[in-house]
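Residues per chain, in single letters:
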Amino acid sequence: GAASFWLDAVSLIPADAVGGLFRRDAFERLQATRPGFVRAPGGNYLEGTGMRTRWDWKATLGPPAARAGHYNSAWGYWVTDGLGLFELLTLCELLHSTCQMSIYTGYSMGRRYVPAAQSETFAQDAVDMLDFANAAPASSPWAAVRERMGHAAPFGLSRVEVGNEERDMSGEGYPAHYELITRRLWAAYPSLHIVASGRWGPPIEGSPCLTGQRCDLWDDHYYRPPDVMAAMGGEYDRYNRSLPKVYVGEFAANGGAKRSLRAALAEAIFMIGFERNADVVVASSFAPLCNNVRGTQWAYNLVNLNSSRLFVLPSYHVQTLLSSALGAHTLPATLTPPYAQGV
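Residues numbered from 1 in each chain as written. Predicted model: local features only at pLDDT ≥ 70, side-chain atom pairs only at ≥ 80, totals over all residues. Heavy atoms only, no water.

1. What to know about the pairing of strand β4 (residues 98-103)
Right, on to step 1. Taken across its six residues, β4 has five buried, putting it largely inside the fold.
Right, on to step 2. Relative to β4, strand β1 (residues 37-40) runs parallel, the two sharing four bridges. Residue Phe 37 lies in a different strand from β4, and its bridge partner there is Thr 98.
Right, on to step 3. Two elements, β4 and strand β5 (residues 159-162), share four bridges in a ladder whose sense is parallel. (Buried < 20%, exposed > 50% of the residue type's maximum accessible area, 1.4 Å probe, protein only. Helix = DSSP H or I, 4+ residues; strand = E, 2+ residues; numbered from the N terminus. Pairing = 2+ DSSP bridges.)

Dropping the structure here:
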């Protein structure tokens, strides 16, 4: 007789998917950049515009079909949460890269912070995340969840970033929430490397990191037109060396959203400035990394794909070129007028 079938949570994964999770062509493009680390989940996706639209890592665990998903209000589309904390840690492991996982502070875009006195839950969430990633299954209920998901061994998460583009640097804003979260994290994981997030380039006054006390790295973000970024090769030449070191966590010469060789060359000039100031700028990451061309609000992305194909920007080739030619030493060089012809 006739019958009806109701299908839910349909996911079609290629038979040759890397780790049974990731499209091989996209994975191989990422692998070719030789990433030393991966920042995840990345950007405003972390905080959303409120508690219901922020990235809640605990809601991304368990069988993918059972995950409720959430509306990504920061970028304007629904996500299934199929790419959750477990999958992001697995991606880093498959790439042989360090994972830099972001932690929600109580700040969402366009809103005030949840008062610090009511933010203990965010500090506990941060500790629970580290337990999920690193603890022995017998010692932590969150590590036991990891084991049930098929990964009994610890992931070895050693680096996190507290917040993203935090804007309120008053005493009750980011510094209070950063201090609350990092105090709990360092008590449980003393060797954890922690990145603070908030500003948009030098200067940074008295730091460290704007009185959140200890600060291992400070995250700078830059989006500029190509001609402006091409003039920024000396951005860190005069950086105050007594302040914490810098991680340039987001940058692109995307002004006008032109996907051009001109933009890629501007980014290369900017990055050569990082190398020249490697005593200060210890890490960098282009953003955004990946983009589904069928559903996006951001036109300038490193790797762009649909259901069957992908293409990369000229910027991608700059990233692979510089990552494959890391220098061991920076040699001083000067030009004294009058310059030799052709220099």
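Structure shown, so let's carry the discussion forward.
2. Structural notes on the pattern of salt bridges
Right, on to step 1. Under the counting rule described, the total for this entry stands at 16 salt bridges.
Right, on to step 2. In this structure, the salt-bridge partner of Asp 25 is Arg 23, at a minimum N-O distance of 2.8 Å.
Right, on to step 3. The partner of Arg 24 in a salt bridge is Glu 28, with the nearest N and O atoms 3.8 Å apart. Remark: Glu 28 and Arg 24 occur in helix α1 (residues 24-32); sequence separation between them is four residues, near one turn of the helix.
Right, on to step 4. On the accessibility criterion, Glu 28 (41% relative accessible area) is partly exposed.
Right, on to step 5. Three or more residues are tied together by salt bridges with common partners; here these are Arg 39, Glu 161, Asp 219 and Glu 250. (Salt bridge = Lys/Arg side-chain N within 4 Å of Asp/Glu carboxyl O.)

3. Brief notes about the environment of Gly 62
Right, on to step 1. When you line up the elements, Gly 62 lands in the loop between β1 and β2 (70-72).
Right, on to step 2. Residue classification places Gly 62 among the partly exposed residues on the basis of a relative accessible area of 21%.
Right, on to step 3. Filtering out sequence-adjacent residues up to four positions away, Gly 62 remains in contact with Arg 67 and Met 149. (Contact = heavy atoms within 4.5 Å.)

4. A look at the environment of Trp 78
Right, on to step 1. Mapped onto the fold, Trp 78 is located in strand β3 (residues 77-79).
Right, on to step 2. Taking relative accessible area as the criterion, Trp 78 reaches 53% and is therefore assigned exposed.
Right, on to step 3. In contact with Trp 78, other than residues within four places in its own chain, are Ala 68, Gly 69, His 70 and Tyr 71.

5. Overview of the packing of helix α2 (residues 85-95) against helix α3 (residues 120-134)
Right, on to step 1. Closest axis-to-axis distance for the α2/α3 pair is 11 Å, and the angle between their directions is 50°. Our classification of the angle between α2 and α3 gives oblique. Considering the relative orientation of α2 and α3, their crossing is right-handed. Contacts between α2 and α3 involve Leu 85, Phe 86 and Leu 89 on the former and, on the latter, Met 129, Phe 132 and Ala 133.
Right, on to step 2. Considering only residue class, the contact of α2 with α3 consists of six nonpolar, no polar and no charged. (Axes fitted to C-alpha atoms, helices over the stretch in contact; angles between N-to-C directions. Parallel < 35°, antiparallel > 145°, perpendicular 65-115°, else oblique. Left-handed = near helix turned anticlockwise from the far one by under 90°. Nonpolar A, V, L, I, M, F, W, Y, C, P; charged D, E, K, R; others polar.)

6. Overview of empty space enclosed by the protein
Right, on to step 1. Applying the stated rule across the entire model yields one cavity of 30 Å³ or more.
Right, on to step 2. Roughly 80 Å³ of internal volume is contained in the largest cavity.
Right, on to step 3. Taken together, Leu 46, Arg 54, Trp 55, Asp 56, Trp 57, Ser 102, Ile 103, Tyr 104, Phe 122, Asp 125, Ala 126 and Met 129 make up the full set of residues lining the largest cavity.
Right, on to step 4. Taken together, the elements giving at least two residues each to the lining of the largest cavity come down to β4 and α3.
Right, on to step 5. Looking at which element gives the most residues to the lining of the largest cavity, the answer is α3, with four residues.
Right, on to step 6. The residue makeup of the lining of the largest cavity, split by class, is eight nonpolar, one polar and three charged. (1 Å grid on protein atoms, 1.4 Å probe; cavity = no way out; pocket = protein on both sides within 12 Å on 5 of 7 lines; lining within 4 Å. Points joined across faces, edges and corners; volume = space filled by probe spheres on them.)

7. A word on helix α7 (residues 261-276)
Right, on to step 1. When the terminal C-alpha atoms of α7 are compared, their 23 Å separation across 16 residues agrees well with the 22 Å that a helix rising 1.5 Å per residue should span.
Right, on to step 2. Every buried residue of α7 is accounted for by Ala 263, Ala 264, Ala 266, Glu 267, Ala 268, Phe 270, Met 271, Gly 273 and Phe 274.
Right, on to step 3. Residues of α7 that are buried sit in contact with β7 (217-223), α6 (226-230), β8 (245-252), β9 (281-284) and α8 (314-323). (Expected span 1.5 Å × (residues − 1).)

8. Description of the nonpolar core
Right, on to step 1. Core analysis: the largest hydrophobic core is formed by 81 residues, its most contacted members being Trp 55, Leu 85, Leu 89, Met 101, Leu 185, Tyr 236 and Phe 251.
Right, on to step 2. Element by element, the count of residues in this core is highest for α3, at eight residues.
Right, on to step 3. The residues touching Phe 251, leaving out its near neighbours within four places in the chain, are Tyr 222, Tyr 223, Met 229, Glu 267, Phe 270, Met 271, Phe 274, Ser 284, Ser 285, Phe 286, Ala 287 and Gln 319.
Right, on to step 4. Listed in part, the five residues of the second largest apolar core include Phe 37, Leu 217, Tyr 247 and Ala 283. (Core = buried A, V, L, I, M, F, W, Y, C linked by side-chain atoms within 4.5 Å.)

9. Observations concerning the sheet that holds strand β11 (residues 303-305)
Right, on to step 1. Strand order in the open sheet formed by three strands is β10-β11-β12, and the pairing between neighbours is mixed. The outermost strands of the open sheet, each flanked by one partner alone, are β10 (290-292) and β12 (310-312). The average angle at which neighbouring strand axes cross in this sheet is 20°, direction not considered.
Right, on to step 2. The pairing of β10 with β11 spans three bridges and is classified as parallel. Across the sheet, the residue bridging to Cys 290 is Val 303, located in β11.
Right, on to step 3. Relative to the sheet, α1 contacts β10, β11 and β12, its axis offset from that of β12 by approximately 15°.

10. With respect to the packing of aromatic side chains
Right, on to step 1. A complete count under the given rule lists 19 aromatic pairs for this structure.
Right, on to step 2. Ring centres of Phe 251 and Phe 274 lie 5.7 Å apart, and the angle between their planes is 90°; this geometry places the pair in the edge-to-face category. In this pair, Phe 251 is assigned in strand β8 and Phe 274 in helix α7, connecting sequence segments 23 residues apart. Comparing Phe 251 with Phe 274, the two get one shared label, buried.
Right, on to step 3. An aromatic cluster of at least three residues, connected via ring pairs, comprises Tyr 222, Tyr 236, Tyr 239, Phe 251, Phe 270, Phe 274, Phe 286 and Tyr 300.
Right, on to step 4. Between Arg 159 and the ring centre of Phe 37, over which it is positioned, the NZ or CZ distance is 4.3 Å.
Right, on to step 5. The ring of Tyr 247 has Arg 159 lying over it, and the distance from NZ or CZ to the ring centre is 5.8 Å. (Phe/Tyr/Trp six-rings, centres within 6.5 Å; stacked < 30°, edge-to-face > 60°. Lys NZ or Arg CZ within 6 Å of the ring centre and 35° of its normal.)

Fair warning: the whole summary comes from geometry, so function is off the table for now.
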